[in-house]
Amino acid sequence: MSNTTSGAQESYTQGILLMCVGVACLSANDAIAKTLTSGYSPLQILFLRNVIALPITIVIALFMGGPSALRSHRPVAHLLRGALWVGATMMFFTSFIYLALAEATALIFVAPFFITLISAVFLAEEVGWRRWLAVLAGFLGVLVIIRPGGAAFQLIHLLPVATALVYALLMLSARWVDPRESVWTLLVYLTGAGALLSALIVPFVWVPVRLGDLWLFAGIALFGTAGMTMMTQAFRLAPAVVVAPLDYTALLWATLFGWLIWRESPDAMTFLGAAIIIASGVFTILREQRQAGS
């Protein structure tokens, strides 16, 4: 075995490991956020998470990218992306108040299908019939979970779906950023813009933070930042087709955290819908990778 092959395999292994741990960290971030929603507004949770995380992200950016990682060529683009992120996170955290963690997590997995839809309709990108079938299958999975017209359906079920739509816009908005800027620059400015924008509104919903909850706010900042950092690095070490499907392991963690903390137990239809969404998402990832390589 050549050194080149051995090095590639080691890089892939590191990428897979980082992706798995990163997803687990973000799932812990969501579980802590759900815990905090019982006493605080989602906006206050987001604000404190960003304020605590900002110095951490700056240190990471300096370590990984040097001083240039703190320089932006299009700060307005980052501000707009921050607004999208605040909106998406607010909706997702709000859904935690009413929905099981696994249920909300499964519904947000439709974000890649929104990316395909927006790219085809508004950006005039060519999308083949196979990807359109994957999109339709993904939304079928959503219908299986939320069961519109059924006794279990609530309008709040649409909140994670709306979150996925805004998150898709956030992903596509990366095209607004100057190509000279690194992913570490995006991480710093997304956190900073989120802190700035949420600071403008948080005084209207602010409640005093209980001393015993400080470790939870620290935890959400640490887990959230660690998760984003590790997942970013995973995509740098291994191809997207290898690490991207591992994002769906979040459903396993969400189910586990939901059962351990709140004794939540998603029903069979939720798991069926999630399986349809995940299968469609994995197909889309594999299809895009194949087309990129052709």
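Look a little higher up for the structure.
Everything quoted here is computed from the prediction, not taken from an experiment. (Residues numbered from 1 in each chain as written. Predicted model: local features only at pLDDT ≥ 70, side-chain atom pairs only at ≥ 80, totals over all residues. Heavy atoms only, no water.)

Asker: Explain the overall build of the protein here, please?
Answerer: Across its full length, the protein carries 12 helices and zero strands. Ordered by position in the sequence, the α and β elements of the protein form the string α-α-α-α-α-α-α-α-α-α-α-α. In terms of overall dimensions, the protein is globule-like: its C-alpha atoms have a radius of gyration of 19 Å, near the 19 Å expected for 294 residues. When the backbone C-alpha atoms are referred to their principal axes, the protein occupies close to 55 × 55 × 40 Å. Taken across its 294 residues, the protein has 48% of its residues classed as buried. Once local pairs closer than 6 in sequence are excluded, the contacts in the protein between residues at least 24 apart make up 90%. When the 15 positive and 12 negative side-chain charges of the protein are each reduced to one mean point, those points stand 4 Å apart. (Helix = DSSP H or I, 4+ residues; strand = E, 2+ residues; numbered from the N terminus. Rg over C-alpha atoms; globule rule 2.2 N^0.38 Å. Buried < 20%, exposed > 50% of the residue type's maximum accessible area, 1.4 Å probe, protein only. Contact = heavy atoms within 4.5 Å. Lys, Arg positive; Asp, Glu negative; His and termini not counted. Charge placed at Lys NZ, Arg CZ, Asp CG, Glu CD.)

Asker: Explain the packing of aromatic side chains to me, please; I cannot follow it from the model alone.
Answerer: What describes a pair of aromatic rings is the distance from one ring centre to the other and the angle between the planes of the rings. Going through the model one piece at a time under the given rule, you end up with eight aromatic pairs. Seen in terms of ring centroids, Tyr-40 and Phe-217 are 5.1 Å apart; in terms of plane orientation they differ by 75 degrees. Their pairing is edge-to-face. Remark: Phe-217 occurs in helix 9 (residues 214-237) and Tyr-40 occurs in the loop between helix 1 (3-36) and helix 2 (42-65); sequence separation between them is 177 residues. Phe-217 carries the same exposure label as Tyr-40, and that label is buried. On the basis of an interplanar angle of 55 degrees and a centroid distance of 6.5 Å, the ring pair of Phe-113 and Phe-139 is categorised as tilted. Placement of Phe-113 in helix 5 (residues 111-121) and of Phe-139 in helix 6 (residues 129-146) is noted, with a sequence separation of 26 residues between them. Three or more aromatic residues joined by ring pairs make a cluster, and in this case those are Phe-92, Phe-93 and Phe-96. It is Lys-34 that lies over the ring of Trp-262; its NZ or CZ is 5.1 Å from the centre. (Phe/Tyr/Trp six-rings, centres within 6.5 Å; stacked < 30°, edge-to-face > 60°. Lys NZ or Arg CZ within 6 Å of the ring centre and 35° of its normal.)

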